[in-house]
Structure formats: C-alpha cells, structure tokens
Amino acid sequence: MTKVSIINQMKKSISKKIALFILASQFITAQTQKKPTEILVIGTYHFNNPGLDVAQYKVLDIMGEKPQKQLEEISTAIAKFKPTKIFTEWELKDQLALDTLYNKYQEGTYFEYVAKKYPKRKFYVQNEIVQLAFRAAKKSNLKKVFAIDYQETSFDFDSVMKFADSVRLPNFKKEVMLDIKNTETKSNALFTENDLLKCLYYYNSEELRKIDIPWYVGKINDSDKLGTYVGAFLASEWYRRNLYMLANIQKQTESSDNRIMVLAGASHITMFLDLLKHDSNYKIVELKEVMEKKR
C-alpha cells in the first residue's frame with residue numbers, strides 16, 4: 001500500500017469517527033433536552049372591581065351562586081391540569097404576606113381571618129387571587145402561591161392625554177377615550193349575563209389581545225412631538241413592568257416544573273404571550289383547552 005493510500009484511509013477513518021461523534025452528541029442532546037414547561041395563561045379582570053383602571057366596569061357579583069359554581073368548575077379543571085406552581089398578580093416584595101394569606105386559606109380560616117383584620121376591604125374576599133388562584137392551588141395540593149407583580153413604574157396616563165392635546169393631536173384624547181369606551185361597553189354587556197366563564201373566555205380572546213399592544217405602540221408611543229417622549233415613556237414603563245413580571249416567572253420556574261399556571265390581568269397576559277414567543281422553554285396552554293379537556 002502506498003503512502004498516499006495509507007493517508008487517504010486514515011482520513012476516511014477519522015471522518016467516520018467524527019461523523020459518529022457528532023451523531024452520538026446529537027442523540028445525547030435530544031435525549032437530555034427538557035420538554036418545554038406548559039404554561040397555562042389566564043387573563044382576567046379584577047373580580048373585586050377596585051375602580052383603578054381607566055375604563056369603568058360594572059362587574060358581575062363574584063360571590064353569587066352561579067359565579068361560585070363556575071369557579072369550582074374552573075379550579076377543578078386547573079387541578080386536573082396538575083400545575084406544580086401557580087403564579088399570580090401580587091407584588092413579589094410582599095411574598096410573605098401572600099404566604100400568610102394562603103396558609104390561612106389552606107387551614108380553612110381565611111375568611112374569618114380577613115373579616116377581623118380587614119373588615120372594610122372587599123378585596124380580600126372577592127379578588128381573583130383568593131377566588132381562583134388560591135382555590136385552584138389548594139385543589140392542586142400546592143403549598144405555596146407565587147407572587148410576580150412589580151409596580152415600581154410610572155404610569156401617568158393623565159399627563160400623556162394633556163400633553164397630546166397641547167402639541168399636535170387635538171383629537172387624540174377623544175380617540176383614546178373612544179377605544180377605552182368600546183372595551184368598557186363590551187365588557188359591561190358581558191357582565192350583565194352573569195356568566196363568569198364567558199367573561200374569562202372574552203378576556204383571553206384574540207379579539208381583545210389584538211387591541212392591546214397596537215394601542216400602546218401605535219397610539220400611546222406616538223402621542224407627542226418629535227424629540228419629546230411622554231407617550232413613549234409611558235409605553236416603555238408598561239413594557240418594563242411586564243418584562244419584570246415575566247422575569248419573576250422565569251426565575252421561579254425550575255426544571256422539575258412540567259406545568260405551571262399564571263393568573264394576571266388580561267393586558268399582562270397579552271404582553272407575556274408576545275414576549276414568550278422568544279422563549280422556547282415554555283409552551284402556551286389556554287383556559288379553553290383545559291376546560292374542554294375536563295369535559
């Protein structure tokens with residue numbers, strides 16, 4: 001065998017070994033690669049209706065017989081989904097307070113506790129964290145409900161409206177308020193039907209989600225004059241708050257969490273969904289999917 005033949009044979013042998021090594025590496029990676037965490041996203045309105053939103057809602061009575069029955073059905077379906085963690089719109093820095101409340105809920109002493117401690121605060125009885133997140137967490141045998149909210153941002157909506165009117169957009173305020181009024185009217189009409197599940201389906205619908213981000217980017221972000229960023233600052237603060245909230249979910253999700261749930265205001269969920277398109281560690285699951293599986 002010539003020297004050239006020997007070298008060529010050696011090259012072929014090395015090439016085969018490299019190919020086998022790459023194939024083995026790919027196989028090992030495929031075997032060890034974790035499946036994305038399924039994340040059940042539930043956008044909601046505030047059940048206790050604190051009146052802090054720009055739109056003014058006349059919500060259904062969450063303590064009524066039909067909504068309470070539906071909450072039982074929804075929380076049972078969530079428990080069948082088997083989330084290992086439930087995240088909710090409570091400030092992260094107040095996690096200890098949330099722990100105290102959830103511990104009382106687990107013990108069955110929650111409503112007596114808040115009646116004495118917060119006798120004039122319907123928030124502690126009617127809000128979606130207690131009525132849905134706590135209920136679902138207890139049925140799922142979870143020892144903790146996780147806080148994700150971050151509120152140290154500036155959201156001066158009134159200043160944006162005044163500034164827009166004073167510069168170059170005399171009809172801006174009318175247009176924005178009309179957008180808000182349309183959402184308010186549709187929501188209030190749904191609330192009169194006293195059907196919580198139908199309301200939640202609407203708050204998690206593509207119809208509503210398609211309005212949200214374009215409103216901030218196409219309207220609020222462009223609400224001032226060149227070189228001035230009053231509207232852009234408000235839009236960026238909204239993005240910042242949601243990025244921080246999403247970071248709080250990501251940082252508290254562990255490799256052992258196959259399924260998690262997030263309950264937050266519908267606008268937050270819309271933002272999370274847009275951002276999570278860029279994070280392959282999560283697979284989105286919608287409320288309607290979970291409810292249909294229940295049946």
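What counts as what
Residues numbered from 1 in each chain as written. Predicted model: local features only at pLDDT ≥ 70, side-chain atom pairs only at ≥ 80, totals over all residues. Heavy atoms only, no water. Helix = DSSP H or I, 4+ residues; strand = E, 2+ residues; numbered from the N terminus. Buried < 20%, exposed > 50% of the residue type's maximum accessible area, 1.4 Å probe, protein only. Contact = heavy atoms within 4.5 Å. Areas by Shrake-Rupley, 256 points an atom, 1.4 Å probe, with all protein chains shown as cover. Pairing = 2+ DSSP bridges. pLDDT = per-residue confidence, 0-100. Axes fitted to C-alpha atoms, helices over the stretch in contact; angles between N-to-C directions. Phe/Tyr/Trp six-rings, centres within 6.5 Å; stacked < 30°, edge-to-face > 60°. Lys NZ or Arg CZ within 6 Å of the ring centre and 35° of its normal. Expected span 1.5 Å × (residues − 1).

Draft legend 1. Focus on the overall build of the protein chain. When helices and strands are counted, the protein chain shows 13 helices and five strands. Going through the 295 residues of the protein chain one by one, you find that 45% of them count as buried. The contacts of the protein chain with a sequence gap of at least 6 include a subset with a gap of at least 24, amounting to 81%. Surface accessibility of the protein chain: about 16,800 Å² in total, with carbon and sulfur atoms responsible for 56%.

Draft legend 2. View of the pairing of strand 3 (residues 146–149). Across the two faces of strand 3 the burial is the same, with Phe-146 and Ile-148 and Ala-147 and Asp-149 all buried. Pairing of strand 2 (residues 85–91) with strand 3, which is carried by three bridges, proceeds in the parallel orientation. The partner of Phe-87 across the bridge, within strand 3, is Phe-146.

Draft legend 3. Representation of the confidence of the model for the protein chain. The predicted model of the protein chain has a mean per-residue pLDDT of 88, with 84% of residues at 70 or higher. Low pLDDT, under 50, characterises residues 27–32; the stretch is placed with zero contacts to residues that sit more than four places away or in other chains.

Draft legend 4. Region of interest: the sheet that holds strand 5 (residues 282–286). Reading across from one edge, 3-2-4-1-5 is the order of the five strands in this open sheet, with parallel pairing throughout. Both edges of this open sheet fall to strand 3 and strand 5, since each of them pairs with a single strand only. Between one strand axis and the next, the sheet turns by 35° as a mean value, whatever way the strands run. Here strand 2 pairs with strand 4 (residues 259–265) via four bridges, running parallel. For Phe-87, the partnering residue across the bridge sits in strand 4 and is Val-262.

Draft legend 5. Representation of the side chain of Arg-209 in the model. Position of Arg-209 relative to the elements: it lies in helix 10 (residues 206–219). Classification of Arg-209 as buried rests on a relative accessible area of 8%. Setting aside its immediate chain neighbours within four residues, Arg-209 contacts Val-41, Asn-204, Ile-269, Thr-270, Leu-273 and Glu-286.

Draft legend 6. A look at the environment of Leu-92. Inspection of the secondary structure assignment puts Leu-92 in the loop between strand 2 and helix 3 (95–107). For Leu-92, a relative accessible area of 34% translates into the label partly exposed. Not counting chain neighbours up to four residues away, the residues in contact with Leu-92 comprise Ala-147, Ile-148, Asp-149, Asn-248 and Gln-252.

Draft legend 7. Representation of the packing of aromatic side chains. Scanning all chains against the criterion turns up 22 aromatic pairs. A connected cluster of aromatic rings, assembled from ring pairs, spans Tyr-45, Phe-47, Tyr-57, Phe-191, Tyr-202 and Tyr-203. One cation-aromatic arrangement involves Lys-144 over Phe-146; the distance from NZ or CZ to the ring centre is 5.6 Å. Lys-288 extends its terminal NZ or CZ atom over the ring of Tyr-201, reaching a point 4.7 Å from the ring centre.

Draft legend 8. Structural detail: helix 2 (residues 65–81). Look at helix 2: 25 Å from first C-alpha to last across 17 residues, which is about the 24 Å you get at 1.5 Å a residue. If you check which residues of helix 2 are buried, you get Pro-67, Gln-70, Leu-71, Ile-74, Ser-75, Ala-77, Ile-78, Ala-79 and Phe-81. Once helix 2 ends, the next one or two residues include Lys-82, with phi positive near 65°.

Draft legend 9. Representation of helix 3. The end-to-end C-alpha separation of helix 3 is 18 Å, in line with the 18 Å expected for 13 residues at 1.5 Å each. Taken as a whole, helix 3 has its buried residues at Gln-95, Leu-98, Asp-99, Leu-101, Tyr-102 and Tyr-105. Contacts from the buried residues of helix 3 go to strand 2, helix 4 (110–117), helix 5 (123–126), helix 6 (128–139) and strand 3. Once helix 3 ends, the next one or two residues include Gly-108, with phi positive near 85°.

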